[in-house]
There are 2 protein chains.
Amino acid sequence: MDIQNKVNHGPMDGVESRGAKDGGGRTSFLLLRLMALLLTLAATIVLGVNKQTKVVPIQLLDSLPPLNIPVVAKWHYLSSFVFFVVSNAIACTYAAVSLLLSFSRKKRWLLVTLILDVLMVALLFSGNGATAAIGVLGYKGNSHVRWNRVCNVFGKFCNQVAAAVALSLLGSIVFILLVMLAALRLHNKSK
Amino acid sequence: MDIQNKVNHGPMDGVESRGAKDGGGRTSFLLLRLMALLLTLAATIVLGVNKQTKVVPIQLLDSLPPLNIPVVAKWHYLSSFVFFVVSNAIACTYAAVSLLLSFSRKKRWLLVTLILDVLMVALLFSGNGATAAIGVLGYKGNSHVRWNRVCNVFGKFCNQVAAAVALSLLGSIVFILLVMLAALRLHNKSK
């Protein structure tokens with residue numbers, strides 16, 4: 001692409017600027033894909049290692065002193081969290097593979113990645129939604145269905161869930177940007 | 001486009017078939033957009049009118065007969081359900097507006113709708129994820145956090161939630177198809 005730019009140097013400014021844009025576009029793609037990879041990896045790890053043990057005093061009989069019983073909160077206790085970790089791991093793996101393959105400059109690469117990126121957007125956002133919904137219940141509880149909040153006990157656990165959702169949300173937004181950028185590039189090519 | 005096809009009739013089969021594909025593409029876009037509109041509208045209504053009143057016998061004292069108390073389940077008791085209804089209503093409105101505007105054949109229309117369709121995919125899938133997560137809790141409960149299942153009492157309510165999620169999921173898949181179709185069309189134009 002650089003050679004083409006040099007060859008076209010001079011009166012063909014339109015061609016040159018489009019060529020330069022394409023080069024800039026490629027770098028933006030690689031950077032965004034790397035960001036998506038890192039963010040989903042971080043989200044997977046932050047929730048995937050989430051565990052908190054808390055000693056809770058439980059009063060069995062009024063005449064006896066309260067028993068101190070350790071209670072554990074683990075990430076895989078809730079199916080939404082499992083879904084979140086799996087979806088982020090899939091998106092992370094896809095980001096890594098597509099990052100490597102994007103150096104090969106295959107034909108139709110832009111179209112194929114756009115389509116797969118949209119699927120990642122769908123996968124990640126459903127995981128984010130599910131985990132955020134459970135997180136809100138954990139923080140606030142819901143009196144109508146008598147689900148009590150649990151984050152007053154497992155504060156660290158809940159904060160880690162919130163951090164994972166924030167990371168994954170940023171990763172999902174990067175995937176949206178990748179789709180938009182690919183669409184813009186296809187549009188510019190079609191002109 | 002039809003005139004162009006007629007002009008190019010004869011040896012230029014490639015051009016003709018591409019023109020015919022574009023015409024077919026337009027109809028597919030309109031049909032898919034109409035489907036997205038109807039599915040998200042149905043999902044909004046099915047969850048938005050969801051309400052169930054159940055008379056539950058509650059034993060206050062052993063010496064007294066149980067009191068029959070009516071308990072109500074409403075869709076807006078859970079923030080995830082509110083988010084679901086709002087996101088489906090937004091997607092439905094957008095589908096209606098974009099369906100009307102798509103007749104005007106504006107420049108860059110394909111690119112603009114692709115970008116907005118991706119945002120709808122993100123919005124709808126987060127709503128689906130959140131509502132499905134709460135739905136699973138309602139059906140199964142979770143012993144680790146002591147959230148009891150409620151769908152044994154509010155069966156009709158839960159089934160209606162499941163139906164709304166299924167409708168919205170179909171609507172979201174239609175939006176994904178719209179993005180893919182637009183990307184394919186931009187790609188074909190760019191060749």
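Cut-offs applied
Residues numbered from 1 in each chain as written. Chains lettered and ligands numbered in written order. Predicted model: local features only at pLDDT ≥ 70, side-chain atom pairs only at ≥ 80, totals over all residues. Heavy atoms only, no water. Helix = DSSP H or I, 4+ residues; strand = E, 2+ residues; numbered from the N terminus. Buried < 20%, exposed > 50% of the residue type's maximum accessible area, 1.4 Å probe, protein only. Contact = heavy atoms within 4.5 Å. Areas by Shrake-Rupley, 256 points an atom, 1.4 Å probe, with all protein chains shown as cover. Least-squares fit on C-alpha atoms with pLDDT ≥ 70 in both. Buried area = accessible area lost by both parts, 1.4 Å probe. Salt bridge = Lys/Arg side-chain N within 4 Å of Asp/Glu carboxyl O. Polar contact = N/O pair within 3.5 Å; in protein donor to acceptor, adjacent residues only side chain to side chain. Nonpolar A, V, L, I, M, F, W, Y, C, P; charged D, E, K, R; others polar. Core = buried A, V, L, I, M, F, W, Y, C linked by side-chain atoms within 4.5 Å. Expected span 1.5 Å × (residues − 1). UniProt positions renumbered as here; feature names shortened; annotations may be inferred. Phe/Tyr/Trp six-rings, centres within 6.5 Å; stacked < 30°, edge-to-face > 60°.

With that settled, consider the overall build of chain A. Looking only at helices and strands, one finds 5 helices and 2 strands in chain A. In chain A, the order of α-helices and β-strands from amino to carboxyl end is α-α-β-β-α-α-α. Here chain A holds 191 residues, and 43% of them are scored as buried. Contacts spanning at least 24 positions in sequence make up 72% of the contacts within chain A whose residues lie at least 6 apart. Surface exposure of chain A reaches about 10100 Å², of which carbon and sulfur atoms provide 68%.

Time to look at the relation of the copies chain A and chain B. Expressed as a screw operation, the relation of chain A to chain B combines 0.0 Å of axial shift with a rotation of 180 degrees, fitting to an RMSD of 0.0 Å. Put plainly, the chains are arranged around a two-fold axis. Taken as a fraction of all interface residues of chain A, those also at the interface in chain B reach 100%, which identifies the copy contact as same-surface.

A few words now on the interface of chain A and chain B. Taken together, the 37 residues of chain A in the interface contact 37 residues of chain B. Carbon and sulfur atoms supply 79% of the area that chain A and chain B bury against each other, a total of about 3400 Å² over both sides. At the surface where chain A touches chain B, the tally comes to 0 salt bridges. Our count for the contact surface shared by chain A and chain B stands at 4 residue pairs in polar contact (both at pLDDT 80 or more). Elements that contribute at least two residues to the side of chain A that touches chain B include exactly helix H3 (79-101), helix H4 (109-140) and helix H5 (155-190) of chain A. Counting residues per element, the side of chain A that touches chain B draws most heavily on H4 of chain A, at 16 residues. A breakdown of the residues in the side of chain A that touches chain B according to their chemical character gives 24 nonpolar, 10 polar and 3 charged.

What follows is about the nonpolar core. Counting residues in hydrophobic clusters, the biggest one holds 56 residues, and the most contacted among them are Leu 114 and Phe 175 of chain A together with Leu 114 and Phe 175 of chain B. Looking at this core, the elements that each hand over two or more residues are helix H2 (13-48), H3, H4 and H5 of chain A together with helix H2 (13-48), helix H3 (79-101), helix H4 (109-140) and helix H5 (155-190) of chain B. Those residues within four positions of Leu 114 of chain A in sequence are excluded, and the remaining contacts are Val 179, Ala 182, Ala 183 and Leu 186 of chain A together with Val 179 and Ala 183 of chain B. By size, the runner-up hydrophobic cluster in this structure holds 38 residues, among which are Ala 43 and Phe 81 of chain A together with Ala 133 and Leu 137 of chain B.

The end-to-end C-alpha separation of H4 of chain A is 45 Å, in line with the 46 Å expected for 32 residues at 1.5 Å each. Once H4 of chain A finishes, Gly 141 of chain A follows within two positions and takes phi at roughly 70 degrees, a positive value.

Per the UniProt record, "domain: Casparian strip membrane protein" (unreviewed entry) is annotated on residues 25-173 of chain A. In this annotation, residues 25-173 of chain A is assigned 66% helix and 11% strand; the end-to-end C-alpha distance for the span is 18 Å.

A few words on the packing of aromatic side chains. All names here are of chain B. Within the structure shown, the criterion is met by 5 aromatic pairs over all chains. For the pair Phe 81 and Phe 157, a centre-to-centre distance of 6.2 Å together with 40 degrees between the ring planes defines the contact as tilted. You can see Phe 81 sitting in helix H3 and its partner Phe 157 sitting in helix H5, a full 76 residues away along the chain. Exposure class is identical for Phe 81 and Phe 157. Each is buried.

Once that is clear, we can look at the UniProt feature "transmembrane region" (unreviewed entry) in chain A. All names here are of chain A. The residues that UniProt annotates with the feature "transmembrane region" (unreviewed entry) are residues 30-49, 75-97, 109-139 and 159-184. A distance of 28 Å separates the end C-alpha atoms of residues 30-49, which is 95% helix and 0% strand. In this annotation, residues 159-184 is assigned 100% helix and 0% strand; the end-to-end C-alpha distance for the span is 37 Å.

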